[in-house]
Amino acid sequence: MIVTLLDTGVLWAALDTSDKYHPVCAGLLTSMPGQILLPSPVVTETALCLESKLGPKAESDLLDFLVQSDIEIVELDRQDLVCASSIIRHYASLRIGFVDASVIAVAQRLDITRIATLDRRHFTTVRPTHTDTFTLLPEAW
């Protein structure tokens, strides 16, 4: 089965009709085959950004979208936190941050190689332990 992890940028752009990547990301979310997993820190980051930049309705729209979708929210476990901490420390010069590090930690724990993200800098630089590189979606925009 094809499994894809979802990062903040794609989720944000899919919901924000004024975002320049909206058409690509909205299309990606509706056409992606297989299962879509969403690490819980991505939900929090997206909700905070939507509320602060677009207001409470946008934040509420995110929650409604998630409830109505087949996207599965994945909670972090203790080992994910250890892994995320290690990634943040190892790639300190990139300032990778907790949310991206948690996406990578979940990918490693669940052996997932596909990530839907607009963040090419972090996800092409980090060397995961379970694969040579991640497959990043959308492939082009």
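The rules behind these values
- Residues numbered from 1 in each chain as written.
- Predicted model: local features only at pLDDT ≥ 70, side-chain atom pairs only at ≥ 80, totals over all residues.
- Heavy atoms only, no water.
- Helix = DSSP H or I, 4+ residues; strand = E, 2+ residues; numbered from the N terminus.
- Rg over C-alpha atoms; globule rule 2.2 N^0.38 Å.
- Buried < 20%, exposed > 50% of the residue type's maximum accessible area, 1.4 Å probe, protein only.
- Contact = heavy atoms within 4.5 Å.
- Areas by Shrake-Rupley, 256 points an atom, 1.4 Å probe, with all protein chains shown as cover.
- Lys, Arg positive; Asp, Glu negative; His and termini not counted.
- Charge placed at Lys NZ, Arg CZ, Asp CG, Glu CD.
- Salt bridge = Lys/Arg side-chain N within 4 Å of Asp/Glu carboxyl O.
- Axes fitted to C-alpha atoms, helices over the stretch in contact; angles between N-to-C directions.
- Parallel < 35°, antiparallel > 145°, perpendicular 65-115°, else oblique.
- Nonpolar A, V, L, I, M, F, W, Y, C, P; charged D, E, K, R; others polar.
- Polar contact = N/O pair within 3.5 Å; in protein donor to acceptor, adjacent residues only side chain to side chain.
- Core = buried A, V, L, I, M, F, W, Y, C linked by side-chain atoms within 4.5 Å.

J.: Provide a residue-level description of the overall build of the protein, including the pertinent values.
T.: From N to C terminus, the protein includes 7 helices and 5 strands. Secondary structure elements of the protein occur, N-terminal to C-terminal, as β-α-α-β-α-α-β-α-α-β-α-β. Relative to a compact globule of 141 residues, whose C-alpha radius of gyration would be 14 Å, the protein shows 14 Å and is just as compact. When the backbone C-alpha atoms are referred to their principal axes, the protein occupies close to 35 × 30 × 25 Å. Expressed as a percentage of the 141 residues in the protein, the buried residues total 48%. Considering only contacts within the protein whose residues lie at least 6 apart along the sequence, 61% involve residues at least 24 apart. Per element, the accessible surface of the protein, about 7500 Å² overall, is 53% carbon and sulfur. Charged side chains of the protein number 11 positive and 18 negative; the gap between the two group centres comes to 8 Å.

J.: I'd love a proper account of the pattern of salt bridges, names of residues and values included.
T.: Two side chains bearing opposite charge may form a pair once their charged atoms approach each other closely. Taken as a whole, this structure holds 3 salt bridges when the rule is applied. When the shortest N-O distance is used, the salt bridge between Asp 77 and Arg 109 registers 3.4 Å. You can see Asp 77 sitting in the loop between β3 (72-74) and α5 (78-90) and its partner Arg 109 sitting in helix α6 (residues 97-110), a full 32 residues away along the chain. Residue classification places Asp 77 among the partly exposed residues on the basis of a relative accessible area of 31%. With its nearest N and O atoms 2.8 Å apart, the salt bridge here joins Arg 109 to Asp 80. Within this pair, whereas Arg 109 is found in helix α6, its partner Asp 80 is found in helix α5, the two being separated by 29 residues in sequence. Overall, the relative accessible area of 35% leaves Arg 109 in the partly exposed class.

J.: So, the packing of helix α1 (residues 8-15) against helix α2 (residues 22-31): which residues are in play, and what are the values?
T.: Where α1 meets α2, the axes come as close as 7 Å, and the angle between the chain directions of the two elements is 105 degrees. Considering the angle they form, α1 stands roughly perpendicular to α2. Listed contacts from α2 to Val 10, Leu 11, Ala 13, Ala 14 and Leu 15 of α1 are His 22, Cys 25, Ala 26, Leu 28 and Leu 29. Class assignment for the residues of the contact of α1 with α2 results in 9 nonpolar, 1 polar and no charged.

J.: How would you explain the side chain of Thr 117 if you had to name every residue and give the values?
T.: Here Thr 117 is to be found in the loop between β4 (114-116) and α7 (120-125). In this structure the side chain of Thr 117 is engaged in a polar contact, spanning 3.0 Å, whose partner is the backbone nitrogen of Asp 119.

J.: Pulling in residues and values, what's your account of the nonpolar core?
T.: Counting 46 residues, the largest nonpolar core has Leu 5, Leu 6, Val 10, Leu 29 and Leu 38 as its most contacted members. The element that contributes the greatest number of residues to this core is α6, accounting for 7 residues. With residues up to four places along the chain from it excluded, the contact list for Leu 6 reads Leu 11, Leu 29, Ile 36, Leu 37, Leu 38, Pro 39, Val 42, Ile 71 and Ala 116.

Function cannot be read off these values alone, since they describe shape.
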